[in-house]
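Read off the chains here:
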Amino acid sequence: SIAFATILTSASVLNGFRGILVDGAIGVYGHLIVFPSSEEETSIKDAGETLSKIKKLDGVEAASLRSHAFSMLKYEDKTVLPYRLYGIVPEQDSLVTDFENGIIEGKYLNSKNKKEIVLGLTDADILSEYEYDKKYPKIGDKLTINSFSTGKQEEYTIAGITDSKAIMGNIQVFVNKEDLDNF
């Protein structure tokens, strides 16, 4: 009877853990990710048209476009690299991910505010003086983003910090898609 209770408890714990992982992944990425058709392509041709087609599929409630680029972040005297920087359309992204609901400091992005950045919790901690000290950059402070692909350098204002409750979500950095596409 103790063995049965142990097995039942273990199965319950594992099922709960599985639920946390699945919910975390969906909260970070949504249910489906569409990539370019080959590894040589860096973007989806006619992404807006592709998005429109996806939205028309049965069962699709929402969809969002994202861009990404590798970059280096500099805050005060600390430089961290490489970072995968995500360009999002905030009003669309909040329909398919949980990042907006995870804001623990500041605010989420909106399409009207340019040159703002939202940091995942782990990234915010890494950019502070000491990692794992639970001290984060101040909302309203500036940080510099250096693009690996273009060599450009731009200053952004820290708008918010989000805790997605998932490892992958907390190591992501977000800016407006339009800003990233023009970077």
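Residues numbered from 1 in each chain as written. Predicted model: local features only at pLDDT ≥ 70, side-chain atom pairs only at ≥ 80, totals over all residues. Heavy atoms only, no water.

(A) Examining the pairing of strand E5 (residues 142–147) more closely. A large share of E5 lies buried, amounting to five of its six residues. Note: strand E1 (residues 66–75) against E5, four bridges, orientation antiparallel. From the neighbouring strand, Ser71 faces E5, where its bridge partner is Ser147. Here E5 runs beside strand E6 (residues 153–162); their pairing, made up of five bridges, is antiparallel. (Buried < 20%, exposed > 50% of the residue type's maximum accessible area, 1.4 Å probe, protein only. Helix = DSSP H or I, 4+ residues; strand = E, 2+ residues; numbered from the N terminus. Pairing = 2+ DSSP bridges.)

(B) Layout of the environment of Arg84. Tracing the chain through its elements places Arg84 in strand E2 (residues 78–88). Judged by its relative accessible area of 32%, Arg84 falls in the partly exposed class. Along the chain, Arg84 and Ser67 lie 17 residues apart, while their C-alpha atoms are 10.0 Å from each other.

(C) Representation of unusual backbone geometry. Not every positive phi belongs to a glycine, and Glu76 is a case in point at roughly 50°. Structurally, the position occupied by Glu76 is in the loop between E1 and E2. Among the residues examined, Glu76 registers a relative accessible area of 59% and is labelled exposed. Of note in the backbone geometry, Lys115 takes a positive phi value of approximately 60° without being a glycine. Positionally, Lys115 belongs in the loop between strand E3 (103–106) and strand E4 (116–120).

(D) Region of interest: the pairing of E6. The element E6 is extensively covered by neighbouring structure, given that eight of its ten residues are classed as buried. With three bridges joining them, E3 and E6 adopt antiparallel strand pairing. For Glu105, the partnering residue across the bridge sits in E6 and is Ile161. Here E4 pairs with E6 via five bridges, running parallel. Along E6, the bridge assignment pairs Ile117 with Ile158.

All quantities given are derived from atomic positions and should not be read as evidence of function.
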